[in-house]
Amino acid sequence: MTVMRDTVVKSLAKVTVQGDENGLIPEYEVLVNLLPVALLNSFAERIMAAAPPERKAEVEAGLVRAAYECGYHTGCGIITSESFNEAVMPMVTEGAKDILRGAYAAFTAWGWAKAGIVQLKEGERMVIRAFDYYEADSGGEGLRAYMFRGLSQAFFDLAYADPYPDGMDTYVCQQTKGLEVGDPYGEFIVTKK
Amino acid sequence: MSDQFKQILSLEQKDGGLKGDLSSTNIADLLQFLSSSSKKGVIKVVRHPDKEQGQVYFDGGELVSATSGKLTGLTGFADLLGWQEGSFRFFPGVDAQNRTVGLSVQHAILEAMVSMDHGAGNVREQTAAVMEERGKDMEQAVRGATEVMNDLLEVPGIDAVVIVGRDGFVIDSTGSSLRVNIDVLGASLAHAVNGIEEMGSELSIDHFQDLFIEYGRSVIMCKPVGDAIAAVVTPDASKLGIIRHKTKKLFLELGQSF
């Protein structure tokens, strides 16, 4: 047995991701903002367009960093939640690898990205393929799935790096293909920094 | 296939017999064609350049006997299937003098493929070696998975190819599978393979290597490729033997990508 994606999606899709009176998703105790994806994409596009050429890499790193911070804390909330414990943990037989499978199934369940693991060398490298993600239809130039890069890096840190806070930034995620540039899917590779 | 063979064989018939070259076909294809169109006979093969000889007798769709040099029976037949260069000649109406195989042609091809797998040192060991190599540098895959999948789709009889993660995530697909709900197919395959692997584990009979699911004349063939599962769909079960033969290397190659 390993984590079955469809089972996880069916279970987690029932969880409400609306914020409570404090703006938190009760299940994960993380802040939720129900804003359109277009807002993030538009912000990213404009800030990148406004950056001078010599600072574009820095701005891009900032966008990925923002996603990383979000992904690290939300990811931690997800994999330690009761619903994850009930839906995913009984199927975990391959440790961190299965937890990552479950995490990407959770991504899909909430419509954040339709993505999954293609290759995984434990603690060293992971290749992910995504058929839909925030920036898939965004404006701008080049590969620009900042959100997905940050989230994937965060998930790998949570799975294989030291516990918070020492384990943060152990890994880095690069994008090699993107729907936004006409590729048939987005491809992301996480490796040690 | 039949048009191809009719062309090959009719050209050679002018020379007084059915003969040809292994560069234009292979023994599995040839045997399937001849056994479906002739009642019985023997295919005699000479391998180039070492002039090793082999022969295959069939009768009424049954592979009666086979030899390849000193090898006989299914082992000899499996060896013959690996011959790449040489010439063949078909003699119709000839009876075998002994019976060393005694399986239907399709079944014999399938069994020979399994025998070849084991003879070559076990597919799993080969895959493990490939995985180890991959571990050294996973980025240096020889060809991309999409390219290998397209080659699979070129194999006669294969209608669709799907690569599914162990969790049921559909990594890639090509061919007519695009007509169906691919996510449902991926989930179903992953559930089936997980169940089968659990059964193998309970029975302590090694890991799953092949899975064939028959639906009337259609067959879905599944194989592990790296950490994923490859499934090919064929609408014609009679081509399964040749499909296994022609896809073996491609599956191993595909395993390097997952």
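Here the structure is shown first, and the text comes after it.
This report concerns the structure included in the present document. Predicted, not measured: the structure shown is a model, and the values here were computed from it.

### Here we look at the layout of surface pockets
Residues and elements named next belong to chain A.
Now for step 1: Roughly 740 Å³ of internal volume is contained in the largest pocket.
Now for step 2: Every residue lining the largest pocket is counted, 24 residues in all, and those nearest its centre are Val-32, Asn-33, Cys-70, Tyr-134 and Met-147.
Now for step 3: The dominant element in the lining of the largest pocket, judged by the number of residues it contributes, is helix H3 (residues 56-79), at five residues.
Now for step 4: Here the residues of the lining of the largest pocket are counted per class, giving 20 nonpolar, four polar and no charged.

### Description of the sheet that holds strand E4 (residues 125-133) of chain A
Residues and elements named next belong to chain A.
Now for step 1: Pairing within the open sheet is antiparallel, and its four strands lie in the order E3-E4-E6-E5. Because the sheet does not close on itself, it has two edges, and the strands there are strand E3 (113-121) and strand E5 (171-177). In this sheet, adjacent strand axes meet at a mean angle of 25 degrees when their direction is disregarded.
Now for step 2: Both E3 and E4 contribute to a ladder of eight bridges, which runs antiparallel. Along E4, the bridge assignment pairs Lys-121 with Arg-125.
Now for step 3: Of the strands in this sheet, E3 and E4 touch helix H5 (residues 96-109), which is tilted by about 165 degrees from E3.

### Side note on the interface of chain B and chain A
Now for step 1: At the junction of the two partners, chain B supplies 22 residues and chain A supplies 20 residues.
Now for step 2: Of the roughly 1800 Å² buried between chain B and chain A on both sides combined, carbon and sulfur atoms contribute 53%.
Now for step 3: Where chain B touches chain A, the interface holds four salt bridges.
Now for step 4: At the boundary of chain B and chain A, one finds eight residue pairs in polar contact (both at pLDDT 80 or more).
Now for step 5: For the side of chain B that touches chain A, the secondary-structure elements that each account for two or more residues are helix H5 (123-136), strand E9 (170-175) and helix H7 (182-202) of chain B.
Now for step 6: When residues of the side of chain B that touches chain A are assigned to their parent elements, the largest contribution, six residues, is made by H7(B).
Now for step 7: Looking at the side of chain B that touches chain A, its residues break down into seven nonpolar, seven polar and eight charged.

### Here we look at the pattern of salt bridges
Now for step 1: Considering all chains together, one arrives at 24 salt bridges over all chains under this definition.
Now for step 2: For A:Arg65, the salt bridge goes to A:Glu69, with nearest N and O atoms at 2.8 Å. You can see A:Arg65 and its partner A:Glu69 sitting in helix H3, four residues apart, about one turn around the helix.
Now for step 3: We note a salt bridge from B:Arg99 to B:Glu62, for which the minimum N-O separation is 2.4 Å. Taken as a pair, B:Arg99 in the loop between strand E6 (86-92) and strand E7 (103-104) and B:Glu62 in strand E4 (residues 62-68) lie far apart in primary sequence, 37 residues in all.
Now for step 4: Salt bridges sharing common partners tie together A:Glu94, A:Lys97, A:Asp98, A:Arg101 and B:Asp227.

### Things to note about the packing of aromatic side chains
All names here are of chain A.
Now for step 1: Enumeration over the complete set of coordinates arrives at 17 aromatic pairs over all chains.
Now for step 2: Joined through ring pairs, the aromatic side chains of Tyr-104, Phe-107, Trp-110, Trp-112, Tyr-133, Phe-148, Phe-155 and Phe-188 make up one cluster.
Now for step 3: Sitting over the ring of Tyr-185, Arg-129 keeps its end group 3.9 Å from the ring centre.

### Considering empty space enclosed by the protein
Now for step 1: Summed over all chains, the structure comprises two cavities of 30 Å³ or more.
Now for step 2: A volume near 90 Å³ is recorded for the largest cavity.
Now for step 3: Around the largest cavity, the lining residues are A:Lys97, A:Arg101, A:Ile117, A:Val118, A:Gln119, A:Leu120, B:Gly165, B:Arg166, B:Asp167, B:Ile171, B:Asp227 and B:Ala228.
Now for step 4: Only H5 and E3 of chain A provide two or more residues apiece to the lining of the largest cavity.
Now for step 5: It is E3(A) that contributes the most residues to the lining of the largest cavity, four residues altogether.
Now for step 6: Counted by class, the lining of the largest cavity contains five nonpolar, two polar and five charged residues.
Now for step 7: Quantified by volume, the second largest cavity comes out at close to 50 Å³.
Now for step 8: Contributing to the lining of the second largest cavity are A:Ile79, A:Ile99, A:Leu100, A:Ala103, A:Phe155, A:Leu158 and A:Ala159.

The rules behind each value
Residues numbered from 1 in each chain as written. Chains lettered and ligands numbered in written order. Predicted model: local features only at pLDDT ≥ 70, side-chain atom pairs only at ≥ 80, totals over all residues. Heavy atoms only, no water. 1 Å grid on protein atoms, 1.4 Å probe; cavity = no way out; pocket = protein on both sides within 12 Å on 5 of 7 lines; lining within 4 Å. Points joined across faces, edges and corners; volume = space filled by probe spheres on them. Helix = DSSP H or I, 4+ residues; strand = E, 2+ residues; numbered from the N terminus. Nonpolar A, V, L, I, M, F, W, Y, C, P; charged D, E, K, R; others polar. Pairing = 2+ DSSP bridges. Axes fitted to C-alpha atoms, helices over the stretch in contact; angles between N-to-C directions. Contact = heavy atoms within 4.5 Å. Buried area = accessible area lost by both parts, 1.4 Å probe. Salt bridge = Lys/Arg side-chain N within 4 Å of Asp/Glu carboxyl O. Polar contact = N/O pair within 3.5 Å; in protein donor to acceptor, adjacent residues only side chain to side chain. Phe/Tyr/Trp six-rings, centres within 6.5 Å; stacked < 30°, edge-to-face > 60°. Lys NZ or Arg CZ within 6 Å of the ring centre and 35° of its normal.

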